[in-house]
Amino acid sequence: MSDDSKDAPRKALRRATNIVRTGLKPMEYHGFVNPPVVHASTVLFPDVDTMARKGQRYTYGRSGTPTTDALTDIVNELEGADATVLAPTGLAACTVALAAVVKSGDHILVVDNIYHPTRAFCDGFLSRYGVTTHYVDGQDLDAVETALTRPIAAVFLETPGSLTFEMIDVPKIAEMARAAGAVTLMDNTWATPIYFQPLAHGVDLSIQAATKYFAGHSDLLLGTIAGKAELMAKVRKCWDEWGLHVGPDDVFLTLRGMRTLDVRLERHQRNTRLVSEWLSARKEVAQVLYPALPGAPGHALWARDFKGATGLMGITFKDVPRDKVKAFVNGLGLFGIGASWGGFESLATLASLGSIRTAKPWPRDEHVVRLNIGLEDPQDLIEDLEGGLTAAFG
Ligand SMILES: *Cc1c(COP(=O)(O)O)cnc(C)c1O
């Protein structure tokens, strides 16, 4: 195996190769393939002068270890970023990135379909510290333009929305934000940088709940923020000030997950295409929310900008009592009922959209069931969904 730490010039390799090989330095670790899982607070130095020397890579556990470097190297590679910081959760990645780019008195613009706990941070912490959040329907470019006529420090995007799957024109909004002098952040957890690279589409900070597909096994929480060097120095400063850190075992498990990300996503995508096609032919289902499905909302924008689709989708039921929709979810056997997604196992959740949208309320008579399509045999998933529909609707 080659050693990536050698200085020999290397030809540019393709993504599927980089995701498997980046961050490996076996010859630095006696030939062992994977980097060691470094558990550390203290780093020792041979003498006082060495300890005082500036610019050393490893100085204290919080500032990074060979384990965290292996993961940030691979995220930099995937995102096309200069620098990445690791946050203890996906939510912490959203909140520290926002906190790093605003100050008291600022106004920010956030899409209405944002992950709800991120919204709670804007309405709670940011509001208490004098930052005002304006919510906008990201699909309405006129509304975005109008909102940008006042001074806006930051624009926070997420597409497709993780409950209702709205697609927005990211390059267009990023361009409008840049012209208005705002920093653009995007929660790109749904597509991952395998299928959409925010930084290549004009976004300044790309955020990932690594809890979902990066880690991929429903066994840890972690977040990443990636961007160009100058802005990331600001993010890193805020992250330092808050004393954030991720335990080495979770970093290592995420690194292990990354090695199979590309192949897992191919299977999630194939399964979800089959399930979404089957669901779109069912008369009980009002609408299938999966932008990769031809005819689904947002399909044209998805086809223009995204290289693929992952395993999170929704279905809506219209003009039926909520109890029937509950009976459908309760009637599923293979699909677990629980929060989160991106793991290998399928999940179903009944969304509660009631009062969380302010710019564009979701219709009250339209119930959304969100499905995380896992890596099981798609035919088993389809038969399970058929059983659930029969249990609820006869
Ligand atoms: C889950 C999720 C997060 C938060 O990730 P955690 O690791 O659970 O904190 C952020 N954004 C989106 C879109 C998510 O689905």
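Keep in mind that what you see is a predicted model, and the values were worked out from it rather than measured.

Section: the packing of helix 4 (residues 90-101) against helix 9 (residues 229-241)
Here's step 1: Where helix 4 contacts helix 9, the axes come no closer than 8 Å and their chain directions differ by 110°. Between helix 4 and helix 9, the crossing angle belongs to the class labelled roughly perpendicular. Two packed elements cross with a definite hand, and for helix 4 against helix 9 that hand is right-handed. Facing helix 4, whose interface residues are Val96, Ala99, Ala100 and Val101, helix 9 presents Leu231, Lys234, Val235, Cys238 and Trp239.

Concerning the packing of aromatic side chains
Here's step 1: Applying the stated criterion to the full structure yields nine aromatic pairs.
Here's step 2: Ring geometry for Phe125 versus Tyr129: centroids 4.6 Å apart, planes at 25°, classification stacked.
Here's step 3: The class for Phe125 is partly exposed, based on a relative accessible area of 28%.
Here's step 4: The interplanar angle of 15° and the centroid separation of 5.7 Å between the aromatic rings of Phe317 and Phe393 together place this pair among those described as stacked. Highlighted residues: Phe317 in strand 9 (residues 312-318) and Phe393 in helix 14 (residues 378-393), separated in sequence by 76 residues.
Here's step 5: On the basis of relative accessibility, which here comes to 0%, the residue Phe317 falls in the buried class.
Here's step 6: According to the relative accessible area criterion, Phe393 is partly exposed, its value standing at 23%.
Here's step 7: Ring-pair connections join several aromatic residues into one group, and the members of that group are Phe121, Phe125, Tyr129 and Trp242.
Here's step 8: Arg119 extends its terminal NZ or CZ atom over the ring of Tyr135, reaching a point 3.8 Å from the ring centre.

Some details on the sheet that holds strand 2 (residues 107-111)
Here's step 1: The mixed open sheet is built from seven strands, whose spatial order is 1-7-6-5-4-2-3. The open sheet terminates on both sides in strands that have one partner only, identified here as strand 1 (83-87) and strand 3 (132-136). The sheet shows a mean angle of 20° between the axes of neighbouring strands, taken without regard to direction.
Here's step 2: For strand 4 (residues 154-158) and strand 5 (residues 183-187), the ladder comprises five bridges, and the chain directions are parallel. Its bridge partner lying in strand 5, Phe156 is registered against Leu185.
Here's step 3: On top of the sheet, helix 7 (residues 170-179) reaches strand 4 and strand 5; it is set at about 175° to strand 4, its chief contact.

Focus on the site of the ligand
Here's step 1: The local shell around the ligand consists of Thr89, Gly90, Leu91, Tyr115, Glu158, Asp187, Ala209, Thr211, Lys212, Leu221 and Trp341.
Here's step 2: At 2.8 Å, a backbone N or O of Gly90 approaches an oxygen atom of the ligand.
Here's step 3: Protein contact buries 92% of the 380 Å² of open area that the ligand shows by itself.
Here's step 4: For the shell around the ligand, a count of residues per class yields five nonpolar, three polar and three charged.

Description of the pattern of salt bridges
Once their charged atoms are close, side chains differing in charge can pair, the charge on each being opposite to the other.
Here's step 1: On inspection of all chains with the given rule, the structure shows 14 salt bridges.
Here's step 2: Arg273 is the partner of Glu277 in a salt bridge, and the nearest nitrogen-oxygen pair spans 3.9 Å. Remark: Arg273 and Glu277 occur in helix 11 (residues 261-280); sequence separation between them is four residues, near one turn of the helix.
Here's step 3: We classify Glu277 as partly exposed; its relative accessible area is 38%.

A short note on helix 14
Here's step 1: With 16 residues, helix 14 ought to run about 22 Å at 1.5 Å a step, and its terminal C-alpha atoms sit 22 Å apart, in line with that.
Here's step 2: Considered for burial, the residues of helix 14 that qualify are Pro378, Leu381, Ile382, Asp384, Leu385, Gly388, Leu389 and Ala392. Down the axis of helix 14, the buried side of the element spans an arc of 160°, and every buried residue falls inside it.
Here's step 3: Of the surrounding secondary structure, the elements contacted by the buried residues of helix 14 are helix 11, strand 9, helix 13 (322-330) and strand 12 (366-372).
Here's step 4: Near the N-terminus of helix 14, the side chain that reaches the backbone nitrogen of Gln379, with its oxygen 2.8 Å away, is that of Asp377.

Cut-offs used in this document
- Residues numbered from 1 in each chain as written.
- Predicted model: local features only at pLDDT ≥ 70, side-chain atom pairs only at ≥ 80, totals over all residues.
- Heavy atoms only, no water.
- Axes fitted to C-alpha atoms, helices over the stretch in contact; angles between N-to-C directions.
- Helix = DSSP H or I, 4+ residues; strand = E, 2+ residues; numbered from the N terminus.
- Parallel < 35°, antiparallel > 145°, perpendicular 65-115°, else oblique.
- Left-handed = near helix turned anticlockwise from the far one by under 90°.
- Contact = heavy atoms within 4.5 Å.
- Phe/Tyr/Trp six-rings, centres within 6.5 Å; stacked < 30°, edge-to-face > 60°.
- Buried < 20%, exposed > 50% of the residue type's maximum accessible area, 1.4 Å probe, protein only.
- Lys NZ or Arg CZ within 6 Å of the ring centre and 35° of its normal.
- Pairing = 2+ DSSP bridges.
- Near = heavy atom within 4 Å.
- Polar contact = N/O pair within 3.5 Å; in protein donor to acceptor, adjacent residues only side chain to side chain.
- Areas by Shrake-Rupley, 256 points an atom, 1.4 Å probe, with all protein chains shown as cover.
- Nonpolar A, V, L, I, M, F, W, Y, C, P; charged D, E, K, R; others polar.
- Salt bridge = Lys/Arg side-chain N within 4 Å of Asp/Glu carboxyl O.
- Expected span 1.5 Å × (residues − 1).
- Arc of directions from axis to C-beta.

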